[in-house]
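Structural overview
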Amino acid sequence: MEPITLCGLVIVAFGLWVEIEPAVMAFVRKISKSKIFTAVISTPAVQRPVYVRRMPICLAKTFHS
């Protein structure tokens, strides 16, 4: 594409974003405050226990000396 066409395309895209942004942000706010969305996001992941192994003797001596 020619540079003038690209510049025009950028200007039009920016202008459309300025016009549409409030509607997009309102939609995003409405979705983020919905009960279903908050329930899906706030469910904690299943925590798996951390298995502690015995520390090797050589490392235990350096930590406790």
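Residues numbered from 1 in each chain as written. Predicted model: local features only at pLDDT ≥ 70, side-chain atom pairs only at ≥ 80, totals over all residues. Heavy atoms only, no water.

**Section: the overall build of the chain**
Tallying secondary structure elements over the chain gives three helices and zero strands in all. Counting from the amino terminus, helix and strand elements in the chain follow one another as α-α-α. When burial is assessed residue by residue, the chain has 0% of its 65 residues classed as buried. Surface accessibility of the chain: about 6800 Å² in total, with carbon and sulfur atoms responsible for 71%. (Helix = DSSP H or I, 4+ residues; strand = E, 2+ residues; numbered from the N terminus. Buried < 20%, exposed > 50% of the residue type's maximum accessible area, 1.4 Å probe, protein only. Areas by Shrake-Rupley, 256 points an atom, 1.4 Å probe, with all protein chains shown as cover.)

**Concerning the confidence of the model for the chain**
The share of residues in the chain with pLDDT of 70 or more is 66%, and the mean pLDDT across the chain is 80. Across the chain, the element-wise mean pLDDT spans from 57 in helix H3 (residues 57–64) up to 93 in helix H1 (residues 3–32). (pLDDT = per-residue confidence, 0-100.)

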